[in-house]
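Chain by chain, the residues run as shown.
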Amino acid sequence: MRTFILFLLLSASSVSLILGQNENTTPKLNYHGSFGLHGDFYKMEDAPAGSNLARRPAQLMRLRYSSRLQYGRWALPIDFMLSTDGRSLETTFPQGEALKDYLRDPLNRLSLTPRVGNFEALLGSQQPRLSRLTAGDLQLFGAGFRWQPGKWVFQAFHGLGQRAFEADSSRGIAASYARNYSLIQIGYGLEEKSHIRLNVVRGKDDVTSLENPEHLLPAEGLTTSLSYRMNFGKGLYFRGEGAASLFTRNLLYKGKFEVEEVPLMTVNLSSRMDGAAEAAFGRKGKNWGLELNSLYVGGGFEAMGYPFLQKDRLDMQVKGNANLFDNKLNINGSIGQRQNNVSGTQSADSRQLIGSFQLQAAISKQLNLSASYANFGFRNSQVEDSLKLEFISNSLSVNPSWQRQGERLGHFLSLAFQADQFRDLNLVNGEMRDNDSRAYSAMYRLSLKTLVFDLSGSMVNNQLPTGALNIRRIQIGASYSLRQQKVKLGTSLTASLNTYGENTPDKLFAYRLYAKVKVSQKCSLQTDFRFRNYHYGSRKSNTSFQESLIRSSLIYNF
């Protein structure tokens, strides 16, 4: 069945290419896109046999097609990527899975978005974006629509957001139910202008999707919000969102208390209602911007489109950016405080300092500098806690670069330094569990008209509580272009020593060969071969593995 699907889509794509090149096509008809065939071929040998697990499947073929056909007010964007494997690499599924399961697999993608004027149908794999506290980047497979008559916005979608996974302890896979989502949005006003939106997201686990759920509880949730933005003169704006959620942790609860009259939801003693809110006031200008932001998330709030949203917290932040000296200096930063346990259900509160800073500077035509800094702090407010901990983390990176291009030679030099510091301190007994990391790297590139040489090296030192991890790496490479840049050949050699604690170092040797050929103005072919040989030191004596990967692709743009 999968082979038939690939053949059918390949045939349809070929017909589309022929139609798209018809010289008699009227000027109103516009057809463009790309078509690609990609193949990965992987092999690993280890000694002794079975001491290492393969990181990739032996073969993986992918078909990628993306196009847009437009005629006046009509448009048909198509985007799909299908794999011959038909199974996600991180999960296990039976080989005889149904067609709908094959199309829903995260390894595949099928998206159709036909449009007529201001009406758009959403079919297949989609990301219907609503708001921050409901759903913004949730990947769904299903059907829906988006209609924008004038300043009005109407959007609805229903689909599968999570596949059912049976537990597999040998691979560390936990069981999960299939979860279906329904999303609705009604609003007025354009996105970057003043607007108001009503957002509704409902998610429900399918209790019949698992044969052996063990102790997993099926859940159901409903999140609603009102998001808005008001723009004033001179770039001033005020935006915000208020949300409420009703979440049931156990649909199978058989207690005495059940409320059947609640629409769209199953409510029992495992249900909880809570809220969240965000507000921001700021100015967005051409050369600078400033925003005061606050976010509250209740302890029982569940954003169905953001399952990993940290709850029970209050954030207060100041964010700013500036573009100075004709955009030669760009600065972005934020600083604020986060308070956990706002609901007071825990024995102690905690406060965190959250801040970041980024800088991009063009010091001269040849010299550039980028730098960033982030700070994270944690303090426990309970003074008499014998297990009181204080966490402090700092991250700093600096990256200067220099380049000079002459008539025959070009030079590029880049240096990088990154330091990460984490302190885990018990203030009572003084016990510390630190994690300090330092990384240094340098890269030099010499460019001739058709020949490029690269030389790079790096050193990483990570002081872990259980011992020090040191990585030393050097790489040399070259590439050559011919036939007026239509053919590019390249190679690289890499060697590294990895030492952990008092063990003798692990040794890695790798090389790479690649070729890129521009067959025609619209067609290109790429082939990449990589080989790695890894020998463990005393940490795993007499153990090694070698792996090879061939990755090829044929891409046609039309």
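That block above? That's the structure.
The structure presented is a predicted model; accordingly, all values stated were derived computationally and were not measured.

1. Quick word on the overall build of the chain
Along the chain, the regular secondary structure elements total two helices and 29 strands. Evaluated residue by residue, the chain yields a buried proportion of 35% over its 558 residues. Of the roughly 32700 Å² of accessible surface on the chain, 58% is carried by carbon and sulfur atoms.

2. Overview of the nonpolar core
If you look at the biggest cluster of nonpolar residues, it comprises 12 residues: Leu-122, Leu-130, Ala-135, Leu-138, Leu-140, Phe-157, Tyr-181, Leu-183, Val-201, Ala-219, Phe-247 and Met-304. When neighbours within four sequence positions are excluded, Leu-122 is seen to be in contact with Leu-112, Thr-113, Gly-142, Ala-143, Gly-144, Phe-145, Arg-146, Gln-155 and Phe-157. The next biggest cluster of nonpolar side chains, apart from the first, holds 11 residues, and it includes Ile-78, Leu-82, Tyr-102 and Phe-141.

3. Some details on the packing of aromatic side chains
Per the stated rule, a full pass over the model turns up 16 aromatic pairs. Ring plane angle 55° and centroid distance 6.2 Å describe the contact between Phe-509 and Tyr-511, whose orientation is recorded as tilted. The partly exposed category is assigned to Tyr-511, whose relative accessible area is 28%. Judged by centre distance (6.0 Å) and plane angle (50°), the rings of Tyr-511 and Phe-529 are tilted. Taken together, the positions of Tyr-511 in strand β27 (residues 506–518) and Phe-529 in strand β28 (residues 523–535) put the pair 18 residues apart, joining distant regions of the chain. Through a chain of ring-to-ring contacts, three or more aromatic side chains come together here, namely Tyr-31, Tyr-65, Phe-80, Tyr-556 and Phe-558. Taking the ring centre of Tyr-237 as reference, the NZ or CZ of Arg-229 above it sits at 4.5 Å. Here Lys-540 stacks its cationic end above the ring of Tyr-536, 4.4 Å away from the centre of that ring.

4. Considering the layout of surface pockets
Reported here for the largest pocket is a volume of approximately 850 Å³. Lining of the largest pocket is provided by 39 residues; of these, Glu-191, Glu-192, His-195, Arg-229 and Arg-239 occupy positions nearest its centre. When its residues are assigned to classes, the lining of the largest pocket shows seven nonpolar, 18 polar and 14 charged. By volume, the second largest pocket is sized at about 590 Å³. Taken together, 31 residues form the lining of the second largest pocket, with Gln-475, Ser-492, Thr-494, Arg-512 and Arg-530 sitting closest to its centre. Residue classes in the lining of the second largest pocket are distributed as 12 nonpolar, eight polar and 11 charged.

5. Re the side chain of Arg-338
Inspection of the secondary structure puts Arg-338 in strand β18 (residues 329–340). Arg-338 gets classed as buried once you look at its relative accessible area, which sits at 16%. Here Gln-310 takes part through its side chain, which lies 3.3 Å from a polar atom of the side chain of Arg-338. A polar contact is formed between the side chain of Arg-338 and the side chain of Asp-315, at a distance of 2.9 Å.

6. Here we look at the pairing of strand β1 (residues 29–47)
In regular strands, side chains alternate between the two faces of the sheet. The sheet contact formed by β1 and strand β2 (residues 59–71) spans 13 bridges and is antiparallel. Bridge pairing links Phe-35 to Tyr-65 in β2.

7. Quick notes on a nonpolar patch on the surface
There is a patch of nonpolar side chains on the surface, built from Trp-152, Ile-184, Ile-186, Tyr-188, Ile-196, Leu-198 and Leu-226 and spanning about 620 Å² of accessible area. The set of elements that each furnish at least two residues to the nonpolar patch consists of β9 (178–188) and β10 (195–206). Element by element, the count of residues in the nonpolar patch is highest for β9, at three residues. With respect to the helices and strands, the residue Ile-184 is situated in strand β9.

8. Comments concerning the side chain of Glu-241
Take Glu-241: it is sitting in strand β12 (residues 236–248). At 2.5 Å, the side chain of Glu-241 and the side chain of Ser-131 are in polar contact. Reaching out from Glu-241, the side chain makes a polar contact with the side chain of Ser-225 at a distance of 2.7 Å. For Glu-241, the residues in contact, after removing those within four places along its chain, are Ser-131, Arg-132, Leu-133, Thr-134, Asn-199, Ser-225, Leu-226, Ser-227, Tyr-228, Ala-276, Ala-277 and Glu-278.

9. Details of the environment of Ile-186
Residue position: Ile-186 is located in strand β9. In the structure, Ile-186 is positioned 32 residues away from Phe-154 in sequence and 4.8 Å away in space, judged by C-alpha atoms. Excluding anything up to four places from it in sequence, Ile-186 contacts Val-153, Phe-154, Ile-196, Arg-197 and Leu-198.

Criteria and cut-off values
Residues numbered from 1 in each chain as written. Predicted model: local features only at pLDDT ≥ 70, side-chain atom pairs only at ≥ 80, totals over all residues. Heavy atoms only, no water. Helix = DSSP H or I, 4+ residues; strand = E, 2+ residues; numbered from the N terminus. Buried < 20%, exposed > 50% of the residue type's maximum accessible area, 1.4 Å probe, protein only. Areas by Shrake-Rupley, 256 points an atom, 1.4 Å probe, with all protein chains shown as cover. Core = buried A, V, L, I, M, F, W, Y, C linked by side-chain atoms within 4.5 Å. Contact = heavy atoms within 4.5 Å. Phe/Tyr/Trp six-rings, centres within 6.5 Å; stacked < 30°, edge-to-face > 60°. Lys NZ or Arg CZ within 6 Å of the ring centre and 35° of its normal. 1 Å grid on protein atoms, 1.4 Å probe; cavity = no way out; pocket = protein on both sides within 12 Å on 5 of 7 lines; lining within 4 Å. Points joined across faces, edges and corners; volume = space filled by probe spheres on them. Nonpolar A, V, L, I, M, F, W, Y, C, P; charged D, E, K, R; others polar. Polar contact = N/O pair within 3.5 Å; in protein donor to acceptor, adjacent residues only side chain to side chain. Pairing = 2+ DSSP bridges. Patch = residues over 30% accessible without salt bridge, like charges linked within 9 Å, V, L, I, M, F, W, Y side chains within 5 Å. Salt bridge = Lys/Arg side-chain N within 4 Å of Asp/Glu carboxyl O.

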